[in-house]
Amino acid sequence: MRQIEAQPLKKIYSLIFKTFFGPFVITFFVSLFILVMQFLWVYIDDMVGKGLEMTVILELLFFASANLVPMALPLAVLLSSIMTFGNLGEHYELVALKSSGLSLQRIMSPLIVFMVMLCIGAFVFSNNVWPVANLKFASLLYDIRSKKPALDIKDKAYYKDIDGFVIRVKNRDEQTDMLHDVLIYDHTDNRGNNRVIRAKKGKMSMSEDQMTLTFVLEQGNLYDELEGDKFPLYRSSFEKKTIRFDLSDFKMAHTDEDLFKNNYKMMTIDQLSRKIDTLKMKMDVRTKDFHKGLMESLLIVSDSLKLDKPLAAETPNLNHWFDSLPKHKKIQYINWALNSVRSTNTYAGVYEAEHKSRLKTIRRHEIEWHRKFTLSFACLILFFIGAPLGAIIRKGGLGMPTVISVLLFIAFHIASISGEKMVKQGQMTPWIGMWMASLALTPVGIFLTYKATTDSVILDSEFYRKLVGKLIRFRWISNWVNRGKKES
């Protein structure tokens, strides 16, 4: 067949790339938006009622979006590749390109180059951007969870979020902040309800820096029970009284990010490698200390027996020797032995729990180390599944490609989660568990690429309709022949 010249080929490659890039960007941001909405659903209780500024919420969503990229990116690659080649197949553009002498691999070549670059970018993102985003997200989420709820004094309800005070207002005008029948319990001296202020009305105002709440009360009384005084009950009236409350605790504090840096999710590959080596070295040292301590405890037991006379050089008859001992010596030796077994068992149990904890920590670091690579490899594998699959089904748009993409991605995600869980439980090594999903889909990608290259009709509904029709006719003919034989 006549090969396409170089200049038209560049235009074709440019057209294929543009056809892919648009759906890829759209599906990526749509997937990311859906995952962010899921994030809001999970953490909405931590943010509601805190009086957070919009900048803080947007900052949290930004860092959360960065954390969700590893899930949105593979899904976008799979869906956009199916849509692109499904559209090309549906409009017979793929057939035209193949009839011009271009193989499927050559048609995919510009996108393969793009996917290689995308995989490199995904690795750089996982190794450099993702740890920083995790650090910022964890620190900011901790600050939001630690922040007190926003000041919200409701009618006929006791408000207790201001340290040292309990406030009850019978009626509050939210437009003018006028208060009616104000009752304030002062607990700053930790003596209970010994100091009470009550006023018929007042007005509430906030300082410009939102750090001070001012109550200007009118026509009220102050009741105070004085401790150790000759006249313990003190009462005074006022026409106007000003009370200021410190709201500095309501301001969201910024935690030092260094407190979270030692977490495995906030580390790069080099940091994880060094940390894993350090943890393994400490575990080896602890194991040696355990064996050394165990041997020392056994030596102490043997010394503590303090035999009355040395045993013979030849192999002794221990049963005969023990039977020959007086009763009080037997009891003494048995108690020594039981105490030794109990202490050794306790020592071994503590070491076993510590050893499991150390192994669990090491496995978590190894999981995060492998995760830096699995994202890039997953994008490449899902592309080689989506592109041939789109060429086979020959359906574009958001119908069938979306359904197939979601099903495949769910299978991939379940396999990834299962492998990671088995690694955490020690049932699999990190090399197998973290790469299980990608390695399982690799043969699928190879198979689909081969079928698409050979113009297979493996997913063509018309093919299966004809196949079912042939099977039905074959079954009818077989029944007719068998019935004829029986009649004869």
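Everything discussed here concerns the structure shown above.
In every chain, residue numbers begin from 1 and rise along the written sequence. Local features in a predicted model are, by the rule used here, given only for residues with pLDDT of at least 70; side-chain atom pairs are given and counted only at 80 or more, and totals for whole chains, interfaces and linings are based on all residues. As a rule here, side-chain values cover all heavy atoms of the structure and leave hydrogens and water aside.

Engineer: What is the right way to read the packing of aromatic side chains from this model?
Structural biologist: The way to describe two aromatic rings as a pair is by their centre distance and the angle between their planes. Aromatic pairs are defined between Phe, Tyr and Trp rings, using the six-membered ring for Trp, whenever the two ring centres lie within 6.5 Å; interplanar angles under 30 degrees are classed as stacked, those over 60 as edge-to-face, and all others as tilted. For the structure shown, the criterion picks out 16 aromatic pairs. For the pair phenylalanine 20 and phenylalanine 24, a centre-to-centre distance of 5.7 Å together with 15 degrees between the ring planes defines the contact as stacked. Here phenylalanine 24 and phenylalanine 20 lie together in helix α1 (residues 6-47), a separation of 4 residues that amounts to about one turn. Given a relative accessible area of 0%, phenylalanine 20 falls into the buried group. Runs of E in the DSSP output that reach at least two residues are strands. Runs of H or I that reach at least four are helices, and both are numbered from the N terminus. The cut-offs for exposure are 20% and 50% of the maximum accessible area for each residue type, with area from a 1.4 Å probe on protein chains only; residues under the lower value are buried, those over the upper are exposed, and the others partly exposed.

Engineer: Can you help me understand the nonpolar core in this one?
Structural biologist: By convention a nonpolar core is built from buried Ala, Val, Leu, Ile, Met, Phe, Trp, Tyr and Cys residues, the set being connected through side-chain atoms within 4.5 Å. Counting 68 residues, the largest nonpolar core has Phe24, Phe39, Leu73, Phe85 and Met115 as the members making the most contacts within it. Of all the secondary-structure elements, those providing two or more residues to this core are α1, α2 (54-90), α3 (93-99), α4 (104-146), α7 (327-393), α8 (400-424) and α10 (436-453). For this core, the element with the highest residue contribution is α2, accounting for 17 residues. In contact with phenylalanine 24, not counting residues within four places along its chain, are Leu73, Ala76, Val77, Ser80, Phe114 and Leu118. If you look at the next biggest cluster of nonpolar residues, it comprises 20 residues, including Ile167, Met204, Leu217 and Phe238. In what follows, a contact means two residues having at least one pair of non-hydrogen atoms within 4.5 Å.

Engineer: Sorry if this is basic, but what is going on with the pattern of salt bridges here?
Structural biologist: Where charged atoms from two side chains of opposite charge come close, those side chains can pair. The salt bridge criterion pairs a side-chain nitrogen of Lys or Arg with a carboxyl oxygen of Asp or Glu, the two atoms within 4 Å. In total, this model carries 11 salt bridges according to the counting rule given. Taking the shortest distance from any N to any O, the salt bridge between lysine 201 and glutamate 218 comes out at 3.7 Å. Placement of the pair is lysine 201 in strand β4 (residues 195-206) and glutamate 218 in strand β5 (residues 212-225), with a sequence separation of 17 residues. Overall, lysine 201 belongs to the partly exposed group, its relative accessible area being 31%. Owing to a relative accessible area of 28%, glutamate 218 belongs among the partly exposed residues under this scheme. The shortest N-O distance in the salt bridge between glutamate 420 and arginine 371 comes to 3.0 Å. Linking glutamate 420 in helix α8 with arginine 371 in helix α7, this pair joins segments that are 49 residues apart in sequence. Summarising the burial analysis for this pair, glutamate 420 and arginine 371 share the class buried.

Engineer: Explain the packing of α2 against α7 to me, please; I cannot follow it from the model alone.
Structural biologist: Helix-helix packing is characterised by the crossing angle of the two axes and by the distance between the axes. Throughout, an axis means a line fitted to C-alpha atoms (over the contacting stretch in the case of helices), and angles, computed between N-to-C directions, take values from 0 to 180 degrees. Contact geometry of α2 with α7 gives a least axis separation of 7 Å together with a crossing angle of 20 degrees. Classified by the angle their axes make, α2 and α7 are roughly parallel. In terms of crossing hand, the pair formed by α2 and α7 is right-handed. Contacts between α2 and α7 involve Pro70, Leu73, Pro74, Val77, Leu78, Ser81, Ile82, Phe85 and Gly86 on the former and, on the latter, Leu375, Cys379, Leu382, Phe383, Ile385, Gly386, Ala387, Leu389, Gly390, Ala391 and Ile393. In terms of residue class, the contact of α2 with α7 is built from 16 nonpolar, 4 polar and no charged. Any angle between 65 and 115 degrees counts as roughly perpendicular, while under 35 counts as roughly parallel, over 145 as roughly antiparallel, and the rest as oblique. Whether a crossing is left-handed or right-handed is set by the direction in which the near helix is turned from the far one by less than a right angle, anticlockwise for left-handed and clockwise for right-handed. Charged means Asp, Glu, Lys or Arg here, nonpolar means Ala, Val, Leu, Ile, Met, Phe, Trp, Tyr, Cys or Pro, and polar covers whatever is left, Gly included.

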